[in-house]
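Listed below are the residues making up each chain.
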Amino acid sequence: LNHLLTTNELKVEEIYQILTDARKFADGMKWKPESQMFTANLFFEPSTRTKSSFEVAERRLGLEVIPFEVLTSSVQKGETLYDTVKTLESIGVNAIVIRHDQDRYFDELVGKVNIPIINGGDGCGHHPTQSLLDLLTIYQEFGRFAGLKIAIIGDIRHSRVARSNADVLTRLGAEVIYSGPEDWFDNRSLSLSRFRPIDEAIRESDVVMLLRVQHERHQQKGNFTANEYHKQYGLTIEREKLMKPGSIIMHPAPVNRNVEIADSLVECGRSRIFKQMENGVFVRMAALKRSLESLKGGNNYEAAYSELK
Ligand code: CP
């Protein structure tokens, strides 16, 4: 059963298979399951991009999407996540997408449920489809990962994207550096030796990947006003001028305009922020295909790996 829980547990070949399929979907590939299949999207935390793009991906693959809203479900009567998923499985749902505020919520499901779980984000943990759509966006731009320098900048400690991306990009041969407020760095799982002053990180990198300031995950009020953060750690109009020719701007969004990035840069020529969102649909189509195909066994990812290379 092919769950998609974290990118760390995907082999390089599997990553390339998903990216290859995503690229083919972007080029118009058609794939549909042989029989009618149902999916459900369980979002216990707010979402615009992930939820909507999974739904578009599911509909494009001809899947039946079961409407599920936490606020009008029996979760409100105290039903556990496990019982909710087992219920949907019993009813005939074939794959489930879950976003949850608890880190590694999926540990209580794996091995006990018989349908694939696709992680749409767990607490401060992982967001594998965001990482994969970031990878697709970088690959489309540069045609490779090896030798690229990627700066991940901002609220790293609270980001479920930062650690996944750092791991996967390093495994694919890129050099990852970090910047932002040092107090928001995660020196338990990331190396402080890769931390750089903001201007240096921006000047040196092929990809400037900004992270949202996640006020909702901060225990106490931040040390900065929005304006102070922007001046000290944001991609200001002046800092964008330091960027290398051909380098690009990314951000998982939603964006705090004029905090992480100047308003006018969100849609500038270097920005791939809306391209990332577009790619989200194709990556999610590929992730759903991979999970649904695993219900009948078999994935030929070595062939896809050589095809993308
Ligand atoms: N990037 C992202 O996960 O956005 P949403 O929270 O809107 O899904």
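Fair warning: this is a prediction, and the values are worked out from it, not measured in the lab.

Enquirer: Got a minute to help me understand the sheet that holds strand β8 (residues 248-250) in this structure?
Expert: Here four strands make up an open sheet; going across it, the order is β6-β5-β7-β8 and the pairing parallel. Taken across any chain shown, the strands that pair with only one partner, and hence form the sheet edges, are β6 (175-179) and β8. For this sheet the average axis-to-axis angle between neighbouring strands, irrespective of direction, equals 20 degrees. When strand β5 (residues 149-153) meets strand β7 (residues 207-210), the two strands line up parallel, connected through four bridges. Looking at β7, one finds that Ala151 is bridged to Val208. Sitting on the sheet, helix α5 (residues 160-171) touches β5 and β6, and the angle it makes with β5 is about 170 degrees.

Enquirer: It is not clear to me how the nonpolar core should be interpreted in this structure. Could you clarify?
Expert: In this structure, Ile96, Ile152 and Ile153 are the most contacted members of the largest nonpolar core, which totals 72 residues. Counting residues per element, this core draws most heavily on helix α9 (residues 273-293), which supplies nine residues. Counting residues domain by domain, this core receives three or more from each of domain 1 (12-126 + 276-299) and domain 2 (128-273). If we skip the residues at most four places from it in the chain, Ile153 touches Ser179, Gly180, Ile198, Ala201, Val208, Met209, Leu210, Leu211 and Tyr233.

Reading guide: rules and limits
- Residues numbered from 1 in each chain as written.
- Predicted model: local features only at pLDDT ≥ 70, side-chain atom pairs only at ≥ 80, totals over all residues.
- Pairing = 2+ DSSP bridges.
- Helix = DSSP H or I, 4+ residues; strand = E, 2+ residues; numbered from the N terminus.
- Axes fitted to C-alpha atoms, helices over the stretch in contact; angles between N-to-C directions.
- Contact = placed C-beta atoms within 7 Å.
- Core = buried A, V, L, I, M, F, W, Y, C linked by C-beta atoms within 7 Å.
- Buried ≥ 20, exposed ≤ 12 C-beta atoms within 10 Å, placed from the backbone.
- Domains from an automatic or database assignment.

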